[in-house]
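What follows is the residue order along each chain.
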Amino acid sequence: MINSRKWLMVILSFMMITNACSKKNNASPTVKPEITPIKNLESQTVYYYRYLDNGYTTSYEHGITFSSNSKGKISKVGGKVPKSGNYRITVWDDSSKAIITTVNADLDSVGYKYVSITPIEVRANKRYVVSINVLKEAFVIRDNAGYDFMPVYEDGITIHYYSDAKTSTQTFPDRQSYLFKIAGLVDFVFVED
């Protein structure tokens, strides 16, 4: 006959094993955070302003060149603009200047809005460009004294520089590169693998 002390040890051992197994089976997978580099950069800068009418009659393709220090995916694109409307957003391969994807997004000035896209595989340290086509009105992050603040590093993403193209047609934005401003405030959602 088993004495009560041994019986208690058997029951406690059984409960510990059962509890350990149930914790192992119920473990939820680690969810990686969604990184929004331009939104994050804007929230940290004092050099943010908007211009309502730049006086130009031509649209601009505002783009940022970026890379990630790790592989992952771009799952959404979006941005924030002074004038509500539907805007064309394009993701480009920086080296080939080839279009990876294009989507239209309804944006406004209330806050950043994003639309889901077919996820884009991002290779570590490879450069990509995301751009938005805007006529006249755009938000800008800049150093008002004209000092360079790029490249800038935000949560594993490096924003190398801003560039544009003076056109309403879908054109790779490489007219001129700037290190002291980002116009257009196009953004993307990156999730590390």
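Here we summarise the structure given alongside this text. (Residues numbered from 1 in each chain as written. Predicted model: local features only at pLDDT ≥ 70, side-chain atom pairs only at ≥ 80, totals over all residues. Heavy atoms only, no water.)

1. Side note on the pairing of strand β7 (residues 128-135)
Of all the eight residues making up β7, seven are buried; the element is thus mostly covered by neighbouring parts of the structure. Sheet analysis places strand β2 (residues 59-68) next to β7, joined by eight bridges and oriented antiparallel. Its bridge partner being in β7, Phe66 is matched across the sheet by Tyr128. In the sheet, strand β4 (residues 85-93) pairs with β7 via five bridges, with the strands oriented antiparallel. Looking at the pairing, Ile89 lines up with Ile132 of β7. (Buried < 20%, exposed > 50% of the residue type's maximum accessible area, 1.4 Å probe, protein only. Helix = DSSP H or I, 4+ residues; strand = E, 2+ residues; numbered from the N terminus. Pairing = 2+ DSSP bridges.)

2. What about the pairing of β4?
Judged by how many residues are buried, β4 sits mostly within the fold: seven of nine residues are covered. In this structure, β4 lies alongside strand β5 (residues 99-107), joined through eight bridges in antiparallel fashion. Pairing of Trp92 across the sheet is with Ile99, part of β5. Between β4 and β5, which pair antiparallel and follow one another directly, the connecting turn spans five residues, one of which, Lys97, has a positive phi of 65°.

3. Points about the pattern of salt bridges
Applying the stated criterion across every chain yields a total of eight salt bridges. A salt bridge links Lys73 to Glu121, with the nearest nitrogen and oxygen atoms 3.5 Å apart. Placement of Lys73 in strand β3 (residues 72-79) and of Glu121 in strand β6 (residues 113-122) is noted, with a sequence separation of 48 residues between them. With relative accessibility at 28%, the residue Lys73 sits in the partly exposed group. (Salt bridge = Lys/Arg side-chain N within 4 Å of Asp/Glu carboxyl O.)

4. Some points on the side chain of Glu61
Here Glu61 shows up in strand β2. A polar atom in the side chain of Glu61 sits 2.7 Å from the side chain of Ser131. A distance of 2.8 Å separates the side chain of Glu61 from the side chain of Asn133, its partner in a polar contact. (Polar contact = N/O pair within 3.5 Å; in protein donor to acceptor, adjacent residues only side chain to side chain.)

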